[in-house]
Amino acid sequence: METLFLPAQDPQTAEKAAEILKNGGLVALPTETVYGLGANGLDSDAVLKIFEAKGRPQDNPLILHVAQPEDIREICDPIPETAWRLAERFWPGPLTMVLPCRPSVPKRTTAGLDTVAVRCPRTPITREIIRLSGVPIAAPSANRSGKPSTTTAEHVRHDMEGRIDAIVDGGPCDVGVESTIVDLTGPVARLLRPGGVTPEQLRDVVGELIVDKAVTSQIDQDAVVRAPGMKYKHYAPQGEVKIIAGPREKAAAYIRRHFEDGDAVLCFEEELPLYEGCNPMAYGKESDTATLAHGLFAALRDLDRADIRVIFARCPEGGGVAYAVQNRLRKAAGFQIVTEDQL
């Protein structure tokens, strides 16, 4: 399959991409979070192509993307008042809501569930493509399943060239980690995945918020999940990832004791001098967690090499966007963490 490369600034790109989607094809789309691998979310055959291109397990549900908040009326019912308050505050933006779905949504899209995850992305070119296609677009991250997510068109090219119909190049993604997912189908809102909208921001709107155990620990492989990224190991390069927690100096001493040829260190910019000679790579500043979110997946992809054995990773602490970075690194590491008392 020949993959077309469509620059976002080309005035014909939106129509070309929409036509491919209407005809059942696959198009990688830029969003403020990561690049998504898009298909007509109401066409079961088109959705199957997503799973095939990614090598994605079919019990992992997809997110439907809409051009404007009102469009969720066509795919969700009933819609609680809380959903409209969240949409007013955060849409378009990096928030996904899990809601009851209408029968028109294929079971392949929802992984057999009676709920569906929905989002209105911020990126104008992608919303215009969705509008022109006339259907909600199912779009998981545009990477091979389990690998680090794609935050540039070049990342998508590396994983998907020859496997999909087109890539819309919208430049680097702003946020750099996938959207926050909140389940609104129960009596209390439940956080299923942290992202660009923080738990603190959600609580400002919904009040009480339960954090699902999949956010902080590995769940059973036979568990039924309501949203992407909850069950399987994700975001992982070829080498083994180990998170080293604790104070800066103690963590560095531990890493130096255990470092071997073929290893690498993923750290904060402020820590680079501590790892001279240890193949260090900084993914942002500890003092600016937005840079960590923006740089995480690009760094993990740079470290996704057969010659790297172990990646010792430093992880930010605290809430806000740091909470999302913690979640992605923990999943990349399979929740393998060396705690402060083990240093």
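Calculation criteria
- Residues numbered from 1 in each chain as written.
- Predicted model: local features only at pLDDT ≥ 70, side-chain atom pairs only at ≥ 80, totals over all residues.
- Heavy atoms only, no water.
- Helix = DSSP H or I, 4+ residues; strand = E, 2+ residues; numbered from the N terminus.
- Rg over C-alpha atoms; globule rule 2.2 N^0.38 Å.
- Buried < 20%, exposed > 50% of the residue type's maximum accessible area, 1.4 Å probe, protein only.
- Contact = heavy atoms within 4.5 Å.
- Areas by Shrake-Rupley, 256 points an atom, 1.4 Å probe, with all protein chains shown as cover.
- Salt bridge = Lys/Arg side-chain N within 4 Å of Asp/Glu carboxyl O.
- Axes fitted to C-alpha atoms, helices over the stretch in contact; angles between N-to-C directions.
- Parallel < 35°, antiparallel > 145°, perpendicular 65-115°, else oblique.
- Left-handed = near helix turned anticlockwise from the far one by under 90°.
- Nonpolar A, V, L, I, M, F, W, Y, C, P; charged D, E, K, R; others polar.
- Pairing = 2+ DSSP bridges.
- Arc of directions from axis to C-beta.
- Polar contact = N/O pair within 3.5 Å; in protein donor to acceptor, adjacent residues only side chain to side chain.
- Core = buried A, V, L, I, M, F, W, Y, C linked by side-chain atoms within 4.5 Å.

**Q** Explain the overall build of the chain here, please?
**A** Secondary structure summary: the chain contains 10 helices and 16 strands in total. Relative to the compact-globule value of 20 Å for 343 residues, the chain shows a C-alpha radius of gyration of 20 Å, a close match. Dimensions along the principal axes, computed over C-alpha positions, put the chain at roughly 55 × 50 × 35 Å. Buried positions account for 55% of the 343 residues belonging to the chain. Nonlocal contacts in the chain, meaning residues at least 24 apart in sequence, comprise 67% of its contacts between residues at least 6 apart. When the accessible surface of the chain is split by element, carbon and sulfur atoms take 47% of a total near 13700 Å².

**Q** Honestly, the pattern of salt bridges in this entry has me stumped. Any pointers?
**A** Tallied over the full model, the rule gives 17 salt bridges. Salt-bridge contacts for Glu 32 lead to Arg 119; the nearest nitrogen and oxygen are separated by 2.6 Å. Placement of the pair is Glu 32 in the loop between β2 (27–29) and β3 (36–40) and Arg 119 in strand β6 (residues 115–119), with a sequence separation of 87 residues. In this structure Arg 119 comes out as buried when scored by relative accessible area, which is 2%. Across the salt bridge formed by Glu 161 and Arg 157, the nearest N and O atoms sit 4.0 Å from each other.

**Q** Any chance you could explain the packing of helix α9 (residues 289–302) against helix α10 (residues 321–332) here in plain terms?
**A** Each pair of packed helices can be described by the angle between their axes along with the distance between the axes. One way to put it is that α9 packs onto α10 with a least axis distance of 8 Å and a crossing angle of 20°. Classified by the angle their axes make, α9 and α10 are roughly parallel. You can see that α9 and α10 cross each other, and the crossing is left-handed. Here α9 contributes Thr 289, Leu 292, Ala 293, Leu 296, Phe 297 and Leu 300 to the contact with α10, which in turn contributes Val 321, Ala 322, Val 325, Arg 328, Leu 329 and Ala 332. Residues that form the contact of α9 with α10 fall into these classes: 10 nonpolar, one polar and one charged.

**Q** Sorry, what's going on with the sheet that holds strand β7 (residues 137–138) here?
**A** With mixed pairing, 11 strands are arranged side by side in an open sheet as β1-β8-β2-β3-β7-β4-β6-β5-β9-β10-β11. Looking at the sheet topology across the chains shown, the edges are occupied by β1 (4–7) and β11 (209–211). Of the strand pairs in this sheet, strand β5 (residues 95–100) and β6 are connected by five bridges, and their pairing is antiparallel. Bridging across to β6, Val 98 finds its partner in Ala 117. Packed on one face of the sheet, helix α6 (residues 153–160) meets β1, β2, β3 and β8 (166–169) and runs near 165° to β8.

**Q** Whenever I open this one, helix α8 (residues 248–258) confuses me. Can you help?
**A** In an α-helix, one full turn covers 3.6 residues, which means residues spaced three or four apart are oriented alike. For α8, the complete set of buried residues consists of Ala 251, Ala 252, Tyr 254 and Ile 255. Down the axis of α8, the buried side of the element spans an arc of 160°, and every buried residue falls inside it. Exposed positions of α8 whose direction lies more than 90 degrees from the buried face are Glu 249 and Arg 257. At its buried positions, α8 is contacted by β12 (240–244), β13 (264–267), β15 (310–313) and β16 (337–338).

**Q** Which parts of the structure should I look at to understand the side chain of Thr 13?
**A** Mapped onto the elements, Thr 13 comes out in helix α1 (residues 13–22). Given the relative accessible area of 1%, Thr 13 is considered buried. At a separation of 2.6 Å, a polar atom in the side chain of Thr 13 contacts the main-chain carbonyl oxygen of Pro 7. Residues contacting Thr 13, with those up to four places away along its chain left out, are Leu 6, Pro 7 and Val 168.

**Q** Would you take a moment to explain α6 for this structure?
**A** Along α6, the positions that sit buried rather than exposed are Ala 153, His 155, Val 156, Asp 159 and Met 160. Buried residues of α6, viewed axially, fall in a sector of 155°; they line one side. Of the surrounding secondary structure, the elements contacted by the buried residues of α6 are β2, β3, α2 (44–54), β8 and α9. Within two residues after α6, Gly 162 carries a phi angle of roughly 85°, on the positive side.

**Q** What is the right way to read the nonpolar core from this model?
**A** Note that soluble globular proteins tend to have their nonpolar side chains buried in a common cluster. One finds Leu 86, Met 97 and Val 118 to be the most contacted residues of the largest nonpolar core, which totals 49 residues. Secondary-structure elements contributing two or more residues to this core are β3, α2, α3 (81–90), β5, β6, α6, β10 (189–193) and α7 (199–206). For Met 97, the residues in contact, after removing those within four places along its chain, are Ala 83, Leu 86, Ala 87, Trp 91, Val 116, Ala 117, Val 118, Val 182 and Leu 184. Membership of the second largest hydrophobic core comes to 26 residues, among which are Leu 266, Phe 268, Phe 297 and Ile 311.

**Q** What should I look at first to understand the pairing of β6 in this one?
**A** Regular strands place side chains that alternate from one sheet face to the opposite one. For β6, a buried count of five out of five residues is recorded, marking the element as mostly surrounded by other parts of the structure. A two-sided burial pattern is seen for β6, the buried positions comprising Thr 115, Ala 117 and Arg 119 on one face and Val 116 and Val 118 on the other. Where strand β4 (residues 63–65) meets β6, three bridges bridge the pair, whose relative direction is parallel. Looking across to β6, one finds that His 65 is bridged to Arg 119.

**Q** Is there a simple way to think about the sheet that holds β12 in this case?
**A** One key point about sheets: their strands pair by backbone hydrogen bonds, in either a parallel or an antiparallel sense. Spatial strand order, β14-β13-β15-β12-β16: five strands in an open sheet with parallel pairing. Strand pairing shows two members of the sheet lacking a second neighbour, β14 (280–282) and β16, which therefore form its edges. Bridge analysis of β12 against β16 gives two bridges, and the strand direction is parallel. Looking across to β16, one finds that Ile 243 is bridged to Ile 337. In this fold α8 packs onto β12, β13, β15 and β16, with an angle of close to 145° to the strand it touches most, β12. Against the sheet, α10 contacts β12, β13, β15 and β16, and its axis sits at roughly 135° relative to β12.

Interpretation note: all reported values are geometric properties and have no functional meaning in isolation.
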